[in-house]
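# Breakdown of the fold
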Amino acid sequence: MRRLVWLVLILLAAFVAVERIPALHTRLPWLPDVPGLTVTNHETADAGGAAQESEPQGQGRRRRGGGGGRRGGPDGTTPVLASPVERADVPVTAEVLGTVQATNSVTVKSQVDGKLVELAFRDGQDVAKGDILARIDPVTFQAAYDQAVAKKAQDEATLANSQADLVRYTKLASTQYGSAQQADTQKAQVAQNRALIEQDTAAIDNAKATLDYATIRAPISGRTGIRLVDAGNIVHASDTTGIVTIAEVKPVAAVFNLPQQLLGQINAAQAGGPPLKLEAFNPDTRQLIDTGVLDVVDNTVDQTTGTVKLKGSFPNTALQLWPGQFVNLRLTIATDPDVVVVPTPAVQRGPDGAFVFVVKPDSTVQLQKITVGRQTEDRSVVTAGLAPPAEVVTTGFTRLTDGAKVAVADATAPEGASPPQAKPDANGAEPHRRNRNAGGQERTGARQE
């Protein structure tokens, strides 16, 4: 019983809604008329007229069936944006993903065994060549040095005595009071003592070098990384990890690969002029990071990939490039002078190839087939089929056909200004306006009077 009551109430509510809304009643003519609920055409007209009178002028609702909207104006024109065809010098570039490398990178290791007593740097510190980085306990090395110095002093005393004996034996031999053999033997003894002095000098130099190794200095200028060992540990000359790594990041290098087909152009450009320009861009924002030059082209082509390795350098004064970082690189190989260029969005593709819509003086468009050469995100080089002066459509291709009537809008209005006025057509008719909604997206529609 309860379900039956609910069903009756739902049906009654549906009848009331249909009868009070003429549009629903028109779509559902099979529903019966409920006396007292049907809205007559006269009432509808009166209500509509009152609503129109109550609305402020110029802010009334857009009626169904009116002209304009996204489908173009009532006269069949299509709002578009256009750009002129130009002649310009277009650089011949190659874009590729590269890897940043330190210009020089050194892993600082100990050359002697001993206890690490001091670390004289901070992680991530900029150091100059020759700066002290660490110290190893020098006691044993100092003792070895002192021992070598003492040994030399001993041998020098022996040498002095043997030289004095040589003088005496030589005089005795010359007066025949001594044998010549004894004088020759003493002469040989003096030579041996001199050799010992030279040996002691070398031993002192070796001990001095070993003592100096106890003080570890920066071999290059650069930035230190995270230390690999702490003070107090025993380090060995055979350790593979080292103490810290120093990388030279100003300037910094970048390594990348290019197809072997470009090798001839690159070598010709390098041989006939200054170093080629190399630009680094952020992979996410496409923002220019730094500008450098190409330094080296590898002397071998990789047969497995058919590419050649190249290396460039950047000043990196702002430290925006970091070793190990991936960056987008653009190498400028040459420049094509005085070529025909159009915006890349103007180039369309069809079954017969590339084409553009050329705006004619009578505000119609003509489908023009073209041959496209080098193409970038912004500009495309047209090698055949188009020449300035001409104007091509860049936005609004949805309803365009060959011979369609268009209204070219002015897209140079400043931000915050009223919607820009489109150019009138050849008959003097006012075309649609280009508006933007709150989200910044374009919408087209007929101007409401």
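Look a little higher up for the structure.
Residues numbered from 1 in each chain as written. Predicted model: local features only at pLDDT ≥ 70, side-chain atom pairs only at ≥ 80, totals over all residues. Heavy atoms only, no water.

### Digging into the nonpolar core
The cut-off we apply is this: Here, nonpolar core refers to any group of buried Ala, Val, Leu, Ile, Met, Phe, Trp, Tyr and Cys residues whose side-chain atoms link them within 4.5 Å. When a residue's accessible area, from a 1.4 Å probe over protein chains only, is under 20% of the maximum for its type it is buried; when over 50% it is exposed; and in between it is partly exposed. A run of H or I in DSSP counts as a helix once it spans at least four residues, and a run of E counts as a strand once it spans at least two, with each numbered from the N terminus. By definition, residues are in contact when any of their heavy atoms lie within 4.5 Å.
Counting 20 residues, the largest nonpolar core has Ile266, Leu294, Leu310, Phe314, Leu329 and Leu331 as the members making the most contacts within it. Only strand S2 (86–102), strand S11 (252–259), strand S12 (277–281), strand S13 (288–302), strand S14 (307–314) and strand S15 (326–343) provide two or more residues apiece to this core. If near-sequence neighbours (up to four positions away) are discounted, Leu331 is found in contact with Val92, Thr93, Ala94, Leu258, Ile266, Leu276, Lys277, Leu278 and Leu294. Formed by 19 residues, the second largest nonpolar core is a distinct cluster that contains Val127, Ala134, Ala214 and Val229.

### Description of the pairing of S2
Note the cut-off: Strand pairing requires that DSSP identify at least two bridges connecting the strands.
With 13 bridges joining them, S2 and S15 adopt antiparallel strand pairing. Looking across to S15, one finds that Leu97 is bridged to Asn328. With 4 bridges joining them, S2 and S11 adopt antiparallel strand pairing. If you follow Val100 over to S11, its bridge partner there is Ala254.

### Overview of the packing of aromatic side chains
Under the convention used in this document: Geometry of aromatic contacts follows a simple scheme: Phe, Tyr and Trp rings, the Trp one being its six-membered ring, pair when their centres are within 6.5 Å, and the pair is stacked under 30 degrees between planes, edge-to-face over 60, tilted otherwise. Note on geometry: a ring has a charge over it if NZ (lysine) or CZ (arginine) is within 6 Å of the ring centre and within 35 degrees of the ring normal.
Tallied over the full model, the rule gives 2 aromatic pairs. Between Phe357 and Phe397, the aromatic rings sit 6.2 Å apart at their centres with planes inclined by 35 degrees, giving tilted as the arrangement. Taken as a pair, Phe357 in strand S17 (residues 353–359) and Phe397 in the loop between strand S21 (391–395) and strand S22 (406–408) lie far apart in primary sequence, 40 residues in all. Phe357 gets classed as buried once you look at its relative accessible area, which sits at 5%. Joined through ring pairs, the aromatic side chains of Phe355, Phe357 and Phe397 make up one cluster. One Lys or Arg, Arg286, reaches over the ring of Phe281 and ends 5.3 Å from the middle of that ring.

Interpretation in functional terms is not warranted from these geometric data alone.
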